[in-house]
Amino acid sequence: MALYAAEGIVLGAKNWGEADKVVTIFTRDRGLLRAAAFGCRRPRSPLAGAMQMFVHAEFQFTEGGRLETVKTAAVRAHHAKLSLDLTALAYATFVAEVIREFMPEGIADEAFFDRLTEILTAFETRNPRVTALAAVLQTLAAAGLGQSYERCLHCGTQITGDAFFHVREGGALCADCRTEEATSFSEELRVLLVGLEALDWAHPAPLQVRGGTLMAAESLVLSHVQELVGHPLRSLAFLSQLT
């Protein structure tokens with residue numbers, strides 16, 4: 001079996017057997033992959049420290065049929081705040097679940113990998129709620145599943161001012177194309193969504209966010225995510241216990 005190296009970030013970890021784990025890792029060169037980490041739950045295992053959520057490490061894998069096998073792992077970063085701040089952990093866990101659901105397995109996306117490292121760093125310094133919403137919007141866009149906020153879905157007109165939004169079709173509608181199912185879509189909400197989707201994590205612009213507008217943005221994006229997934233997200237149950 002071929003042995004290869006890959007830089008990656010752990011985005012999922014599930015206990016398996018008496019001392020093993022199955023981990024989901026987003027790698028720079030191969031995108032999402034799943035791997036078995038044998039013996040990593042033993043206290044003296046050299047893999048123990050790297051098989052935790054959000055650890056950024058240099059891995060060696062052997063190729064397998066259904067699962068790769070983790071052979072070695074050298075930790076590069078472990079994002080300590082995510083193990084100390086329960087709220088930040090909950091929102092980061094939600095982002096990780098969205099990435100696991102929507103980013104394709106086995107397809108490299110180096111730009112998204114770099115963005116993911118910046119997102120995890122942002123959870124240590126920025127508002128976790130806003131960080132999570134921006135991260136989910138960017139994940140959906142990277143997966144080709146984003147909604148249309150700036151142009152009318154039906155006629156393509158650039159949206160200006162207040163408009164309307166069709167949840168099922170996933171996009172904004174101008175006044176001329178409004179349908180009975182469309183709901184109001186304020187300029188403030190549109191500007192927030194567009195700004196978060198385009199957020200530059202290295203040089204983030206200051207955001208003025210009202211609580212009600214943030215709640216409306218979350219509701220719109222979560223409805224879209226739930227419709228795409230088709231089943232409840234476990235991380236949302238975790239989040240609901242904190243809010």
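Please refer to the structure placed before this passage.
Position numbers for residues count from 1 along each chain, tracking the sequence in the order it is written. The model is predicted, so local features are restricted to residues of pLDDT at least 70 and side-chain atom pairs to those at 80 or more, both for listing and for counting; the totals for chains, interfaces and linings are taken over all residues. To obtain the side-chain values, all non-hydrogen atoms of the structure were used and water was disregarded.

Q: Sorry if this is basic, but what is going on with unusual backbone geometry here?
A: Notably, F54 is not glycine yet its phi reads approximately 70°, a positive angle. Runs of E in the DSSP output that reach at least two residues are strands. Runs of H or I that reach at least four are helices, and both are numbered from the N terminus. Looking at the element boundaries, F54 is found in the loop between strand 3 (31-37) and strand 4 (56-62). Although it is not a glycine, H79 adopts a positive phi angle of roughly 50°. Here's how the labels work: a residue is buried when its accessible area is under 20% of the maximum for its type, exposed when over 50%, partly exposed in between, all with a 1.4 Å probe on protein chains only. What makes H79 buried here is its relative accessible area of 10%.

Q: So what exactly am I meant to see when it comes to the nonpolar core here?
A: One broad rule of soluble globular proteins: the nonpolar side chains tend to lie buried together. The biggest cluster of nonpolar side chains holds 59 residues, and the ones touching the most others in it are F26, F123, L193, V221 and V225. When checking whether two residues touch, look at their non-hydrogen atoms; a contact exists if any pair is within 4.5 Å. In this structure V221 touches L133, V136, L137, L140, Y149 and L193, once residues within four positions along its chain are discounted. Put simply, a nonpolar core is a bunch of buried Ala, Val, Leu, Ile, Met, Phe, Trp, Tyr and Cys residues held in one set by side-chain atoms that sit within 4.5 Å of each other. With 18 residues, the next largest nonpolar core counts I25, L33, A37 and M51 among its residues.

Q: Sorry, what's going on with the pairing of strand 2 (residues 20-27) here?
A: On a regular strand, each side chain points to the face opposite its neighbour's, so the side chains alternate between the two faces of the sheet. Within strand 2, eight of the eight residues are buried, leaving the element largely enclosed by the surrounding structure. Of the two faces of strand 2, both are covered, the one formed by D20, V22, T24 and F26 as well as the one formed by K21, V23, I25 and T27. Of the pairings in the sheet, the one linking strand 1 (residues 3-16) to strand 2 comprises eight bridges and is antiparallel in character. Paired with G8 across the strands is T27, a residue of strand 2. For two strands to be treated as a pair, DSSP must find at least two bridges joining them. Counting the residues between successive antiparallel strands, the hairpin from strand 1 to strand 2 contains three residues, one of them, G17, with a positive phi of roughly 65°. Alignment of strand 2 against strand 3, held across seven bridges, turns out to be antiparallel. The residue bridging T24 from the neighbouring strand is R34, located in strand 3. If you look at the hairpin formed by strand 2 and strand 3, you'll find three residues sitting between the two strands.

Q: Looking at this structure, I do not really get the packing of helix 5 (residues 187-197) against helix 6 (residues 211-229). What am I missing?
A: A pair of packed helices can be characterised by two numbers: the angle between their axes and the separation between those axes. Note on geometry: axes are C-alpha line fits, over the in-contact stretch for helices, and angles between N-to-C directions span 0 to 180 degrees. Their axes nearest at 10 Å, the elements helix 5 and helix 6 cross at an angle of 65°. In terms of axis orientation, helix 5 runs roughly perpendicular to helix 6. For the pair helix 5 and helix 6, the sense of crossing is right-handed. Along the contact surface, helix 5 presents E188, L189, L192 and L193, while helix 6 presents T213, L214, A216, A217, L220 and V221. Residues are grouped as follows: Ala, Val, Leu, Ile, Met, Phe, Trp, Tyr, Cys and Pro are nonpolar; Asp, Glu, Lys and Arg are charged; all remaining types, including Gly, are polar. Classifying every residue of the contact of helix 5 with helix 6 by side-chain character gives eight nonpolar, one polar and one charged. The scheme is simple: roughly parallel for angles under 35 degrees, roughly antiparallel for over 145, roughly perpendicular for 65 to 115, oblique for anything else. Left-handed describes a crossing whose near helix is turned anticlockwise from the far helix through less than a right angle; right-handed describes the clockwise counterpart.

Q: Looking at this structure, how should I read the sheet that holds strand 6 (residues 163-166)?
A: Within a sheet, adjacent strands bond to each other through the backbone by hydrogen bonds, running parallel or antiparallel. Spatially, 7-6-8 is the arrangement adopted by the three strands of the open sheet, whose pairing is antiparallel. Each end of this open sheet is capped by a strand with a single partner; those strands are strand 7 (171-173) and strand 8 (183-185). Within the sheet, the average angular offset between the axes of one strand and its neighbour, ignoring direction, is 50°. Note that strand 6 and strand 7 share three bridges and pair antiparallel. Residue pairing in the sheet places F164 in a bridge with L173 of strand 7.

Q: What's the story with the sheet that holds strand 5 (residues 68-77) in this structure? I'm lost.
A: Sheet architecture is closed into a barrel: five strands sit in the order 1-2-3-5-4, paired in mixed fashion. This sheet shows a mean twist of 50° between the axes of neighbouring strands, independent of strand direction. Note that strand 4 and strand 5 share seven bridges and pair antiparallel. Each bridged residue has a counterpart across the sheet, and for F61 the counterpart in strand 5 is V70. Sheet strands in contact with helix 2 (residues 86-102) are strand 1, strand 2 and strand 3, and its direction is about 115° off that of strand 1. Against the sheet, helix 3 (residues 110-122) makes contact with strand 1, strand 2 and strand 4, and its axis sits at roughly 50° relative to strand 1, the strand it touches most.

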